[in-house]
Structure formats: structure tokens, C-alpha cells
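Breakdown of the fold
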Number of protein chains: 2
Amino acid sequence: MKFCSNCGATVELRIPPGDSLPRHVCATCGSIHYVNPKIVVGAIPEWEDRILLCRRAIEPRHGFWTLPAGFMENDETTAQAAARETLEEACARIEVGEIFTLINVPHISQVHIVYRARLIDLDFAPGEESLEVGLFAEHEIPWNEIAFRSIALTLQHYFDDRRRGTFRFRTSDLAPPPPVGTA
Amino acid sequence: MKFCSNCGATVELRIPPGDSLPRHVCATCGSIHYVNPKIVVGAIPEWEDRILLCRRAIEPRHGFWTLPAGFMENDETTAQAAARETLEEACARIEVGEIFTLINVPHISQVHIVYRARLIDLDFAPGEESLEVGLFAEHEIPWNEIAFRSIALTLQHYFDDRRRGTFRFRTSDLAPPPPVGTA
């Protein structure tokens, strides 16, 4: 951030009075521009013993598989975000169930929230951000081609709980990934 | 938002290619400025059968009581945010427990997350944003002076569950409050 979005003057990074962290502050109009974590919301759409995955048509992780998920928008609830992302990425309608995972990813300032969900019918297709969309039984999950660690962790918990016969809400925190090339 | 925070040119509100919602877009440098919901994180600091509340020294709701809570910052986890806010507002150290409530407040584009927590000692005091801080048993809670509906709802669930002897994770969505003066 270089310019004030309110008045167009240049901003400087300093700690406002009464605050404890540096913020982008406009010396001209006095605006303080806060930057906060973003929420990513997704769904595990279930159809009998299979779940729906999407293969990404966009970066990051083009070509890798993921659950339908994306940035929560203003003016919606987390459950509405899960349904909207599933419609956008898989052209699929779901009945949103319970929140299943909440995963902090602090090194990228994101919180990932994934719901269990019931696919309403088999009328799905790749949305603009997906190359393909499909239903996968547990033994068919492409574990080595899952796009994001939070999604892989959510899927592991999901199949663990399903085998156990009871689902419980899980939270965890992801550390930064090890640098590429380390053992 | 009137000016591009990247180049200082004026922004316009339009739907970018491949998107479905209007965004602030810079015609000069091409930056798209997304605005997303904010996360508010708080704690229910427990000490025996009492919990810690803070009386607000700032707007909104100056003079009303609340749990320690505030906007989550970049680079932290939700649990770290709960501990930091409790330290800032009540100068109190807590051991953060489980997530207890997740409450959507879509008309102000916020998600409120509240943890159960254990107060580590009785060495607390009002922080800069609090007029006073105190421990309250259930019958002492100032129900008519609670600052926010999400906090009142969280406290209701908390005492319900405590009476029942078991706590469970709760989610809900708050609709806009009725206009002042309606029956």
C-alpha cells in the first residue's frame, strides 16, 4: 500500500496513537488503513460414499485437486459462502451441514473453514475456475495431487471420522511449509 | 474507496472479467481492490464459577460490558488473537481452550469467534480500551448492559452448557437488529 484510498495522498507506515502495530496512515486526511486476515470457506459435498473434488484451472496450484472453496465475500455468512463457492466452482447445489474444520494459516494471514455438505443432485460440471469436477470414494482420492495442505488435512479428518462413525469439529494451525528441496 | 492504493489514480466500481461482483478497479495500473469480511476473536476467561468481563472505554457501545474481543490481526492464529485481546483489554493472561461460538454478522461483514479460556491468575486491570474489568458469577451478569448481541448470545450458550455440564461448539447467524423505536 502506497497511496491513501480515501484521498490519494501517499501513506506512511507508523503506529497510530493507542495502537501497538504499524499501520498505513495518511498524513493528509488522517485515514488509518487496516489490513486483516481473510477467510476462505469451503465444503465437502457428499454423495453416498463419495465426495466432490474440483481440479483447479487457475493459479495457485493449477491442475491440482481441491474441495470447492474460496474467499468469503462481504454481506454473506460462512454457510452461504460455502454454497456459493460450490456453485461457482462445480456448478453444484448443496445442502450445507455443520462446520467440520477451522484451520489457521497465519503465515499467509488466512483462516480456512470447511463445512460438511450434502450434494442435492448429480447435475454438476466444471465452473470457470475448474478444469474438471468429479466424485471420489476414499480409495480414489488423489492424495499426491491435493492443492492445499488445509484441504488434505480436512480430508484426512473427514475419512478418519467417517470410519469411526462420528464427526467432530476440528481446529488446527498450519506452520509455513518447509522450503522446497529440504529433506 | 476512491483512489488506488497502489498507484494513486482514481478507482472505478466494476465487475472484473471472470468475476461476478463489482470491485474497486484501477483503470491506470489494473489493480483490483477486494474488500472481505473481518474476523473478531474473543475469549470467555473463567476463574472458578466466575468469568471476566470488560466495560468498554471506547465506541461503539462505550460504557457497556463485553468479553475481551477484537479484530484479528495478520500473522496470528485465532487462539493467539483471543489471548492478545484479553491481554490488551484486561491486562490478563489466559490459557486458551476450545472454540465455543462462531457467529456470522453478515450485515456488518464480520465473523465473531469466541474461545473458552482459563484465567491464569487474578492479576488483571483495565487496559486502554476498558473502563473497568471484573469477575462475574452467572447471577451477576449485567444482561441489560451487554455491548453486543453476539456476546450476549455466547454468554447465554455458555451458562446453558455449564448448567448442563457439557460444552459444545455453537454456530449461528445474526440478522440486522430491528430499527430503534419499533415495538
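Residues numbered from 1 in each chain as written. Chains lettered and ligands numbered in written order. Predicted model: local features only at pLDDT ≥ 70, side-chain atom pairs only at ≥ 80, totals over all residues. Heavy atoms only, no water.

If you look chain A up in an unreviewed UniProt entry, it shows as Nudix hydrolase domain-containing protein from Aromatoleum aromaticum.

Let us now look at the overall build of chain A. Each helix and strand counted, chain A has two helices and eleven strands in total. Listing every helix and strand of chain A by position from the N terminus yields β-β-β-β-β-β-β-α-β-β-β-α-β. Reported as C-alpha extents along the three principal axes, the dimensions of chain A are approximately 60 × 40 × 30 Å. When burial is assessed residue by residue, chain A has 48% of its 183 residues classed as buried. Counting only contacts in chain A whose residues sit at least 6 apart along the sequence, the fraction spanning at least 24 positions is 60%. Of the accessible surface of chain A, which amounts to about 9,000 Å², a share of 53% is contributed by carbon and sulfur atoms. Across chain A, the mean location of the 18 positive side-chain charges is 6 Å away from that of the 25 negative side-chain charges. (Helix = DSSP H or I, 4+ residues; strand = E, 2+ residues; numbered from the N terminus. Buried < 20%, exposed > 50% of the residue type's maximum accessible area, 1.4 Å probe, protein only. Contact = heavy atoms within 4.5 Å. Areas by Shrake-Rupley, 256 points an atom, 1.4 Å probe, with all protein chains shown as cover. Lys, Arg positive; Asp, Glu negative; His and termini not counted. Charge placed at Lys NZ, Arg CZ, Asp CG, Glu CD.)

This paragraph deals with the interface of chain A and chain B. Interfaces are often described in size by the accessible area the parts lose on coming together. Between chain A and chain B, the residue contacts involve 37 residues of the former and 37 residues of the latter. A buried area of about 3,200 Å², summed over both sides, lies between chain A and chain B, and 54% of it is on carbon and sulfur atoms. Across the chain A-chain B interface, the total number found is two salt bridges. Of the charged contacts in the structure, one is a salt bridge between E73 of chain B and R23 of chain A, with a shortest N-O distance of 2.5 Å. Looking at the side of chain A that touches chain B, the elements with two or more residues in it are β4 (38–47), α1 (78–90), β8 (94–105), β9 (110–119) and β11 (170–173) of chain A. The class makeup of the residues in the side of chain A that touches chain B is 16 nonpolar, twelve polar and nine charged. (Buried area = accessible area lost by both parts, 1.4 Å probe. Salt bridge = Lys/Arg side-chain N within 4 Å of Asp/Glu carboxyl O. Nonpolar A, V, L, I, M, F, W, Y, C, P; charged D, E, K, R; others polar.)

Here we come to the relation of the copies chain A and chain B. Laying chain A over chain B is done by rotating through 180° and shifting 0.0 Å along the axis; what remains is an RMSD of 0.0 Å. Taken together, these values place the two copies in the relation of a two-fold axis. By residue overlap, the copies meet face to face through one surface: 100% of the interface positions of chain A are interface positions in chain B. (Least-squares fit on C-alpha atoms with pLDDT ≥ 70 in both.)

Another aspect to go through is the sheet that holds strand β3 (residues 32–33) of chain A. Residues and elements named next belong to chain A. The sheet built from three strands is open, its strands ordered β1-β2-β3 with antiparallel pairing. Both outer strands of the open sheet, β1 (11–14) and β3, are each paired with one neighbouring strand and no more. Summarising the sheet, strand β2 (residues 23–26) and β3 pair through two bridges and their orientation is antiparallel. Across the sheet, residue H24 finds its bridge partner in β3, namely H33. (Pairing = 2+ DSSP bridges.)

Our focus in this paragraph is the pattern of salt bridges. Under the counting rule described, the total for this entry stands at 30 salt bridges over all chains. Taking the shortest distance from any N to any O, the salt bridge between D161 of chain A and R170 of chain A comes out at 2.4 Å. With respect to burial, D161 of chain A and R170 of chain A carry one shared label: buried. Between E88 of chain B and R84 of chain B there is a salt bridge, with the nearest N and O atoms lying 3.2 Å from each other. On the criterion of helical spacing, the pair formed by E88 of chain B and R84 of chain B is a turn pair, its members being four residues apart in helix α1 (residues 78–90). The exposure class of E88 of chain B is partly exposed, given its relative accessible area of 32%.

The next thing to look at is the packing of aromatic side chains. Applying the stated rule across the entire model yields 13 aromatic pairs over all chains. Taking the centre distance of 3.9 Å and the plane angle of 5° together, the rings of F169 of chain A and F169 of chain B count as stacked. In this pair, F169 of chain A sits in the loop between α2 (149–164) and β11 while F169 of chain B sits in the loop between α2 (149–164) and β11 (170–173), so the two residues belong to two different chains. Both residues of the pair, F169 of chain A and F169 of chain B, count as buried. (Phe/Tyr/Trp six-rings, centres within 6.5 Å; stacked < 30°, edge-to-face > 60°.)

Moving on, we come to α1 of chain A. In an α-helix, one full turn covers 3.6 residues, which means residues spaced three or four apart are oriented alike. Residue and element names in this part refer to chain A. For α1, built from 13 residues, the straight-helix expectation of 18 Å at 1.5 Å per residue is met to within 8% by its first-to-last C-alpha distance of 18 Å. Restricting attention to buried positions, one finds in α1 the residues T78, A81, A82, R84, E85, T86, E89 and A90. Looking one or two residues beyond α1, the residue adopting positive phi is C91, at roughly 50°. (Expected span 1.5 Å × (residues − 1).)

The step from E59 of chain A to P60 of chain A runs through a cis peptide bond, and the omega angle for that step is -5°. Even without being a glycine, D75 of chain B presents a positive backbone phi close to 70°. Along the chain, the position of D75 of chain B falls in the loop between β7 (69–71) and α1.

Looking at the assigned domains, one finds that chain A contains domain 1 (1–35) and domain 2 (38–173). Here the C-alpha centroids of domain 1 of chain A and domain 2 of chain A sit 36 Å apart. (Domains from an automatic or database assignment.)

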